[in-house]
Every structure is written in C-alpha cells, then in structure tokens.
Amino acid sequence: MRRLLALALALGGCSSVERGEGLFPDLDAAAPDAAPPANDGGPRVDMGATGPLEDAAGQWLLWVEDRKCLEALGTSVENIIWSTYLVDIAEVSEDDLQVVLRQHVQLCGQELSPLVAGLRTVVPPAIPDSLESHYLSGFLLGREPGDAYFTAELVDLWGASDIAPTEALPSSVDDPRVEDTEGDDAPGVTFVVVNRNGEPACDVQVVQRTRLRFRGTVVGPDRIEGEVQSAVDKVVLAASSGLCSSDTELPPSEGQSRFVLRRAVGAAGGLDLDLDGSGAIDCGEVRDAEQLLMQAGTFPRATPDDGLCR
Amino acid sequence: MRSILFAAALGASLPVGAHANPFDLFGAGARAQAMGGAVAALSSDYMATFHNPAGLPFGRNEIGLGIVGSFNRTSILLSPRPSGYDPPAYGQRLNPRVDREDPDGVLGATVGLTLKLFDDDVAIGAAFFVPFDGFARMRTAFPDEQEQYFTNRLRFELVGDRAAGEVIALGLGYRLLPWFSMGMGLMVVPAARTINNVYTPNSTDPSTSLINVDIEQSARAALTAGLRVDPYDWLRIGAAFQDELFVGLEGYNQVQLRGDEDAEPIIQPLNVVRQYSPPRLSGSVALVAPNGLTGTVEGTWQGWSNYLDARAELAGFEDTYDWKLGVEYPVNPRTYFRGGVGWSPSPVPPQTGRTNYVDNDRVVLGLGAGRDFEVWGEELTVDLAIQLHALLVEETRKTVRADGDYPDCAEGVTELCDEVPDLAEDTPLQRAADTQGLQTGNPGFPGYTHGGYIMAASIDVKWRF
C-alpha cells in the first residue's frame, strides 16, 4: 500500500526529498557554542600580575619554544619544539648585584610541529617520565620589571649517559654509553612519527642532547620571559623506515626561540595548576592542564615558517 | 604518506575509463524510450543491436543520427550528524560532508546503421553512443567510510553515471524462416591497463613526485543474442540476452621513495570497475491490431547479484525483474504516437550498515512520436521521445546497536564500524577514554534520504534506402 501511495505521489509530482533524522543520539551534552564552565576548583589561568618579583621561590612552569631547521630527504622545513618544564626555584643568596637561584628542572612534555604532509614526530610521555631532573643555576639582576634573568647551561641527554656536553654522541647501539631510557626494550629513546590523523607511520631510536641557555627579563611577580639559545644534537640508532632516519643536523632557524617562565602555584596570582589541592604540582597535573593553557593563550605558539630555513 | 603518493599517482594516471551507457538506463533510440524500453519483440532498426539483434533482418538498410540528453533532479540529503561520533581530525577532511543535489545530466549523440548482406534475410547493424562532455571518463568512489577522505559525499550508484558512458553495440541477424530469426552481437566498452612508475625525491613533499605513465587502452565486450518469432501478423515474440559488461581499469602504481631505497618499491594495485551492466534476459510479446495499433509487454531479469562496485568487489545486490508496457498507435500511415510505462525495482538492499550504495525503485514513463517523410525518393524517419524516471523517495537509517558494541572497521566487515578501536588503557599516542564507543566519519552516517527524478529526451533521424 505504501508503495502504491508513493507511486501515486511520484506520478503526481508531489513527492519531494526531505531530509531525515538518524537514530543515533547526541553524545555531547553541551552545545558546541556553550559558554566555558565556571572555575570549580580546576586549573586557573590569567594574564598575570604586574609589579616586582619579590620572591622567586616556588613552583614555576617553564615553556620553551625552540625553532630549528630540519634537513630531511632533500628539503628544509622549520620544526618547532615546544617543551614544558616544571621548575622548583629556591633563592640561594642575594646581594646588591644579583639574586642567585637554585632551579630544579623536570621536563613534563614535549611536542614538535608537523612537517610537510602532516607528518609529525611524537615524543611519548614515557620519555620525560623516565628522564632525570636537573639542577640549573639561575640569576636575577634585580627584581623590578625589566631586570635581567639568565641561567647556566641546561644539558638534557636522552638515550645515553656519561657523555660530556661537547663530546660526540655515540652512533652505535653497541656503544656501552647508549641506554634504554624509557624501558621499551629499544636502545636510546624512541620517537614515533605519525600522520595527520595521529596514526603511526614509523618509529626511530635516537640519542639526543639538548643544551639550553635562557636570557630574559622580569615581567612581573609571576612571569619571566626572554630568548633561548639552544643546540640540539641527534644521532639515529635505528629506524623502522627510511622516512624516519632523517639527518641529524638541527641548526637554528631564523625565527626567534623563546621561553616563558610562569609561576605555577598561585601565590602571587597567575597560573594555579594545583589540581589536587596538595599545595604542590607535578608533571601529571601540568599535562592535565595543557589543553586549558593552550586555549587560554598562556603560551601562544608560533607557526612554522619553512621560508626561514631556506 | 603512501596514500598521499597513491593519490598523486592515481591522479596522473586516469585519463582512461568511462561512465556507463545510456542504453541501459533509457533504452536505445527514441522509439524505445517512448515505449518505456519494451521493444525486444518490435525493434528492427539499428537499435536492435542493443534490444534484440534478431530483429535486424526485419528492418531496412538505414543510417541514422540522434541526440539524447537528460537532466537530473535527484537528491541525496544527509541526516544531521549527531555529536560525539567524530574520529580524530574529522574536521580537517579535504571536503566537508555535504548533500548531493541535482547532479549533472548527460548530452550525447547516437549514430547507427543497418545493412542487408547477400539477401534480405541477413543484416548487420551497429549503434554508437558518444557523450559530448568527454570521451572515456571514469569516476570512482568508496561506498563506505573511506570516502570521507575524498569527496565525502554520497552518489547514486546505478542511475548517476550510468547514463554518460560511451558504448558500441554491434549485431548480426539472420532470418532463417519468414517468421523466425536469430541474432547475436557484442556490446563494447572501453578498458585500460595502466602502470605508473613514481619516484618521490622528497617524501615530505609529494608534490615533487616524478611520474612515468604507461597506459594501454583496450576494449571489453559482452555477448548479446536474441530470437524473434512472428508466427502471425498480429503476434510478435522476442527474447534477448546480454552478458555482463563493465569498464575496467587494471594496473598498479610502483612507488619509490628517496631515503627508503633499501626497501622494495611500493606497489599500489589498481582494479577499478565502472559501468557495470548485469547479465540480463528479456522476454517480450507484442500484439498488432489490423489498424497498426501495437501493444507490447516485456519482462527482464537482471542478474544484479553479480554486481561489482568501483573497487571490483561484490556489492551484495539482489537480482531483479523489470516490467515494461508499451503502445504505438499510427494516427495515419506516416505518423505514430507512442507511450510506455515501466517498473524497475532497485537491486540494492537496505543500506543500514557500512556501505552507502544509493539507489531507488523507479517508475518509468515514456511518450513520443514518429513521422516518416519522403526525401529524394527515399524514406526519412524522425522520432522524438521524452522519458521520465521517478525515483521513489526512500530514507536510509544506519542501525543502532543496542549493546553499543560496533565492530572495528576491517576488510569484510559489513556493519557500521568503529574507525578507532577501543583501547583498554592509554598508549603513548592515545588516551583510552578518547577511543571508547563508535567513532565514524562515514558520510552516510547516521542516514540519508534520496529520490527525485530524471528526465530524458531524444531525437533520431533515420534515412532508409
């Protein structure tokens, strides 16, 4: 009967195609344009206060944007490395010239910008979780906004040990200095190269050394920012595909590498990433708050510009 | 990366192929179109090469030229996507998921001839259709969630492109007795084989790929055969068979990557099928009154269960029986009015699972006229026809599983499938919570409504000598 009715409607030119409804329910309760939820004890961010840095002691978040040129398979692209460190700062001494800081630095995460065609190197969280923390000397030449801040050299060695900062990296998996840092039964550290959809394309085992020096100025009681001088050495030990065994040279690009140091527990305003209310934060809390920090524009990221590398 | 290279290579390697042909959809010739395609017991001009080659000896020597065109007012309207089912990076697809409305029609020319050989009882015929908008063209699409990376749209599987491909019909008819003839012939469509050698000097920039193309064009043919029995002046019986036929593109891309020389070249096989016409068997009976009024009925079995989709995979269609009724009335010795109606059920089962083969039951209406003129002592015939295909509106809804447990997308899975397998625990790349439940970018999810109409018109001019 329905067919006869449809036929009659069709013959009469009365039947039209109208959009239907699927049977699947919406799973997201909030409308796409809903207002962000009110702060209910979760991480809090604001643009930071102004004024002198009276006391630097406490936990800070160090965000580093390191711009490199990657020579891979015949082309040069800018590859930006975004690293997030948790820094425990203690003021060791103070005189008329400077404030000496003792900074306990722990890498919480690292992201790399996509290359052409959406390929992107992923640093699995297992790597920063397995790295040892470092002590880094820092110096403040005053507490007022505009006063200088600088540090000694931070040397971060991945996938090997007992190598001096200027010594050549081991290139063989048989070198006794090479170690399985993250315990994945592969020498060195393992990076995964993923495609645009986040699906693994290949993986690579490397030994990598990053040397960083920070020079900046005091911006406020909870903020220091400035430039980064960096040098990254990398040796590929093994790769699942030729696509992953890119050259080891990572010269700086013409874009400016920079850092922002933000107080992470809100004693003087600014960020408050103490999600569990323990009075201290750890890398887990930093990673949980990462999305919010991105959305809030706390650490605005630069866009890779391949032209700076050519 | 490899899929990117595949696309680059394929894009450079597809100048060959075809849509389908309009004879299958509308019938061959204005007379057949006007009568709803019910002419297997009547056709005796060069279009008998398609409808029933046994009819060729019943005609005269002739050459003809025709124009056939159609406009398409069909729509596929997608149901709104519910929230919470997006796979990763769904918003970054090359094309957004959109409806398909009013796709292109077709315009092309038919050319044909019939020649009597040796005596009046042996005739050969040939009919061609050539579209005006490009020769040997092929479009492929995935019927499932994989199409989200390409057009991200749905399309009519059987009535969209089917009217736009070139075709050649050849036939030979032999009248053994004054009331009995038999015939056979070939339906010919293009085919091609391609081997593309691709070298990519920069794997991070596929636009720099170097491509050598090796294409070999050929043809694919299907056997046609028929019988024609005219036991009385008032009775004509016809039976016709056509084997399956499709346009094929075979071959492969061989891809080498700089920096990956130690590995074997990547082989990307190509096996593409379009313009699939199923095997069909038609039986037709026509009654002719003393005043020339002719009525005919025709039934056609079509073996759609053999249907191969664009990826040369069996689509799971069902065989169908089409029915057609036609009438021809001579209002005077030189002028004819014609009409016809047909019913063509869809061979496509309900698309509640993974695939989105879109097709509708169709009602076919035809109307037309013909007139014979005398020009320079010879007979010239002009036939006109219009034909309406009403696609009965249908709504497709993907099935909701009560247990919420959708299978992972893999080869052989026919149900609506999960593109992101559920993880039991976090991995370095994914959080387990982000993978739970159904994630699909299937353009047909959660459903769609489809229907509309196609209007075709044609004119044939035949000179008989």
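Our structure is the block above this text.
Since we're looking at a predicted model, the values are computed, not measured.

Each value, and the rule that gives it
- Residues numbered from 1 in each chain as written.
- Chains lettered and ligands numbered in written order.
- Predicted model: local features only at pLDDT ≥ 70, side-chain atom pairs only at ≥ 80, totals over all residues.
- Heavy atoms only, no water.
- Helix = DSSP H or I, 4+ residues; strand = E, 2+ residues; numbered from the N terminus.
- Buried < 20%, exposed > 50% of the residue type's maximum accessible area, 1.4 Å probe, protein only.
- Areas by Shrake-Rupley, 256 points an atom, 1.4 Å probe, with all protein chains shown as cover.
- Disulfide = S-S within 2.5 Å.
- Pairing = 2+ DSSP bridges.
- Patch = residues over 30% accessible without salt bridge, like charges linked within 9 Å, V, L, I, M, F, W, Y side chains within 5 Å.
- Salt bridge = Lys/Arg side-chain N within 4 Å of Asp/Glu carboxyl O.
- Phe/Tyr/Trp six-rings, centres within 6.5 Å; stacked < 30°, edge-to-face > 60°.
- Lys NZ or Arg CZ within 6 Å of the ring centre and 35° of its normal.

1. Observations concerning the overall build of chain B
- For chain B, the helix and strand inventory stands at four helices and 17 strands.
- Out of the 465 residues belonging to chain B, those deemed buried represent 54%.
- In the form shown here, chain B has an accessible surface area of approximately 19,300 Å², with 58% of it arising from carbon and sulfur atoms.

2. Here's the deal with the state of the cysteines
Residues and elements named next belong to chain A.
- Across all of its chains, the model carries three disulfides over all chains by this definition.
- In this model, Cys69 is linked to Cys309 through a disulfide, with the two sulfur atoms separated by 2.1 Å. What sets the handedness of the Cys69 and Cys309 disulfide is the S-S torsion sign, and at about -90° it is left-handed. Residue Cys69 is located in strand S1 (residues 58–72), and its partner Cys309 is located in the segment after helix H4 (290–296); the two are separated by 240 residues in the primary sequence.
- Its relative accessible area of 13% is what places Cys309 among the buried residues.
- Between the sulfur atoms of Cys108 and its disulfide partner Cys283 the distance amounts to 2.0 Å. Taking the torsion about the S-S bond as the criterion, the Cys108 to Cys283 disulfide, at about -75°, is left-handed.

3. Let's talk about the pairing of strand S16 (residues 378–397) of chain B
Residue and element names in this part refer to chain B.
- Here strand S15 (residues 362–375) runs beside S16; their pairing, made up of 14 bridges, is antiparallel. By the bridge assignment for S16, Gly370 is matched with Asp383.
- What sits between the antiparallel neighbours S15 and S16 is a turn of two residues, in which Trp376 has the positive phi angle 50°.

4. Overview of a nonpolar patch on the surface
All names here are of chain B.
- A contiguous nonpolar surface patch, about 1,000 Å² in accessible area, is contributed by Tyr232, Trp234, Ile237, Val285, Leu287, Val297, Tyr321, Trp323, Leu325, Val341 and Leu365.
- At the level of secondary structure, the elements contributing two or more residues to the nonpolar patch comprise strand S11 (280–288) and strand S13 (320–332).
- It is S13 that provides the largest number of residues to the nonpolar patch, a total of three residues.
- When you line up the elements, Leu287 lands in strand S11.
- For Leu287, a relative accessible area of 45% puts it in the partly exposed group.

5. Thoughts on the pattern of salt bridges
- Per the stated rule, a full pass over the model turns up 35 salt bridges over all chains.
- Between A:Arg223 and A:Glu225 there is a salt bridge, with the nearest N and O atoms lying 2.7 Å from each other.
- Connected via shared salt-bridge partners are B:Arg31, B:Asp45, B:Glu328, B:Arg338, B:Asp383 and B:Lys462.

6. Examining the packing of aromatic side chains
All names here are of chain B.
- Tallied over the entire structure, the rule returns 18 aromatic pairs over all chains.
- Ring geometry for Phe246 and Tyr276: centres 6.1 Å apart, planes at 15°, overall stacked. Placement of the pair is Phe246 in strand S9 (residues 245–257) and Tyr276 in strand S10 (residues 266–277), with a sequence separation of 30 residues.
- On the accessibility criterion, Tyr276 (2% relative accessible area) is buried.
- Here the aromatic residues Phe246, Tyr276, Trp304, Tyr307, Phe317 and Tyr357 are joined through ring pairs into a cluster of three or more.
- Between Arg81 and the ring centre of Tyr90, over which it is positioned, the NZ or CZ distance is 4.3 Å.

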